[in-house]
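Below, each chain spelled out in residue letters.
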Amino acid sequence: MTMKTIGVLGAGTMGSGIALSAVMGGYQAVLSDNSGAALDRAQTKLAKYLARQVEKERITQAEAEAASARLATVKTMDGLAEADLVIEAVFEDLAVKRGAFTQLEAIVRNDTVLATNTSALKVGDIAEALTHKGRFCGMHYFSPAEINPVVELIRGAETSDAAIDAVLPFLAQTRKIAIRCKDQSGFALNRFFCPYTNEAVRCLEEGMGSTAQIDAVVKSALGVAIGPFAVMNIVKPFINLSAVQTLSHLGAFYAPAVLFQQVGTAKQDWEIDAEFTPLAPAQAAAVSGRIRGAIFYAVLDEISEGVASPEDIDAGAQKAFTFAKGPAAMMRELGFEETTRLLKGVSPNGTARLQDALGALLG
Ligand SMILES: NC(=O)c1ccc[n+]([C@@H]2O[C@H](COP(=O)([O-])OP(=O)(O)OC[C@H]3O[C@@H](n4cnc5c(N)ncnc54)[C@H](O)[C@@H]3O)[C@@H](O)[C@H]2O)c1
């Protein structure tokens, strides 16, 4: 099916960005929200974005006007009846999402592909609301959705090949990199991003460095634009904590650090000193080892569970999180012995299972 019209349900932070990305890709987009104020904000965001693109000479005024004309906003879901694909971005609440999909299924065609932008709910749990489950998948955009090039394409247990095949050209046309993954907690990328931030908090808790010192070490070790504490302050530690908590059932390694729970629950930000003395080389190496060990642990876990391929995990790490190199590439470069040493630093219960996965990765 060649898609022409993309419906987006929910015009908040994510939905407005997803609709914007669709019109920039040449699609007609219909953005629906039961809040008129949210729709107005989405129109303002689109106008500002297009004006900036014209200012920077990335598009012409005529192209901006054409893109703007491709967006329609509607207050009721009926306006989504003609959509070839509907991406849902309403509140992160299972009952709200299920209710929205039940309503939506009564409006759209039987061959309309339906997707959820859930961050942390199971795609399979949301699918329970649908009669035709094969046409349903997860499309997890990263914020800001109009800019971040990565989308996790999540296959639920009942998602059909046809639904995945229909979505891939849309993602390519809107210049998104599809990270294909299974419907597991954390999907492909939060599965290691959460342990990465959690390990940074553990290092802080153990007195291995201050927030600023740890951020500086990680920036240099991973080549990221900003360190884990600065990233958490952007995302907000309480939101990050809730993402970490969705992985807790995977075992002690994934459980949130006590300090993380305190700061997150109190809805505080991390204090990061502007002035600081960098850590001495030995201390910096210890922090860098722990952070990389935590990333490798989670990535080997998910590769061995078949959640996502090493190639997709690496692409996501680089494009969504600005890692200079993907975790699988880092492990291949370090080799078996050095990677095992780093895994031992974060895995008190032994590394035999992870070493098997590492052996398979290194071939
Ligand atoms: N904000 C992020 O960084 C981010 C990143 C990735 C995924 N997500 C996920 O995207 C989804 C949306 O998040 P957001 O940050 O855009 O939320 P938001 O609160 O900014 O927007 C949600 C919008 O949905 C509308 N809405 C709620 N119920 C509705 C219904 N039944 N019908 C129509 N409209 C309805 C609300 O009026 C609101 O405008 C969530 O599932 C969230 O977990 C968020």
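Residues numbered from 1 in each chain as written. Predicted model: local features only at pLDDT ≥ 70, side-chain atom pairs only at ≥ 80, totals over all residues.

Engineer: For the site of the ligand, give the residues involved together with the corresponding values.
Structural biologist: The ligand sits among 22 residues. The nearest are G10, G12, M14, A38 and S143. Broken down by element, the residue count for the shell around the ligand peaks at three residues, all from helix 1 (residues 13–24). Class assignment of the residues belonging to the shell around the ligand gives a composition of 10 nonpolar, 10 polar and two charged. (Near = placed C-beta within 6 Å. Helix = DSSP H or I, 4+ residues; strand = E, 2+ residues; numbered from the N terminus. Nonpolar A, V, L, I, M, F, W, Y, C, P; charged D, E, K, R; others polar.)

Engineer: Break down the pairing of strand 4 (residues 85–88) for me, with residues and values.
Structural biologist: On strand 4, burial covers both faces: L85 and I87 on one face and V86 and E88 on the other are all buried. Two elements, strand 4 and strand 5 (residues 113–116), share four bridges in a ladder whose sense is parallel. Bridging from a neighbouring strand, V86 pairs with L114 of strand 5. Following the backbone out of strand 4, through helix 4 (residues 94–105) and into the adjacent parallel strand 5, one traces a crossover that is right-handed. (Buried ≥ 20, exposed ≤ 12 C-beta atoms within 10 Å, placed from the backbone. Pairing = 2+ DSSP bridges. Right-handed = clockwise from strand over helix to strand, strands pointing away.)

Engineer: So, the environment of L279: which residues are in play, and what are the values?
Structural biologist: Among the secondary structure elements, L279 is positioned in the loop between helix 11 (258–265) and helix 12 (281–304). Between the C-alpha atom of L279 and that of C137, which follows or precedes it by 142 residues, the distance is 45 Å. Sequence-distant contacts of L279, that is, excluding residues within four places in its chain, are made with G209, Q213, V217, A284 and V287. (Contact = placed C-beta atoms within 7 Å.)

Engineer: An account of helix 1 is requested, with residue identities and associated values reported.
Structural biologist: Helix length check: helix 1, at 12 residues, gives a terminal C-alpha distance of 17 Å against a target of 16 Å (1.5 Å per residue), a fit within 8%. Summarising burial for helix 1: 11 of the 12 residues are buried, a large majority. Where helix 1 terminates, the next one or two residues include G26, which has phi positive at roughly 95 degrees. (Expected span 1.5 Å × (residues − 1).)

Engineer: Talk me through the pairing of strand 2 (residues 28–32); I want residue IDs and the actual numbers.
Structural biologist: Judged by how many residues are buried, strand 2 sits mostly within the fold: four of five residues are covered. Examined bridge by bridge, strand 2 and strand 3 (residues 71–74) share four bridges and lie parallel to one another. Its bridge partner being in strand 3, S32 is matched across the sheet by V74.

Engineer: Could you give an account of the environment of H132, with specific residues and numbers?
Structural biologist: As for its position among the elements, H132 is in the loop between helix 5 (123–127) and strand 6 (136–141). For H132, a count of 16 C-beta atoms within 10 Å puts it in the partly exposed group. Sequence-wise, H132 and E158 are 26 residues apart; in three dimensions their C-alpha atoms are separated by 9.4 Å.

Engineer: Tell me what's going on with the domain arrangement of the chain, and back it up with residues and numbers.
Structural biologist: Its domain assignment divides the chain into domain 1 (5–182) and domain 2 (190–362). The C-alpha-based centres of domain 1 and domain 2 are spaced at 30 Å. Between domain 1 and domain 2, the contact holds 11 residues from the first and 10 residues from the second. Element by element, the count of residues in the side of domain 1 that touches domain 2 is highest for strand 8 (residues 177–182), at five residues. Classifying every residue of the side of domain 1 that touches domain 2 gives seven nonpolar, two polar and two charged. (Domains from an automatic or database assignment.)

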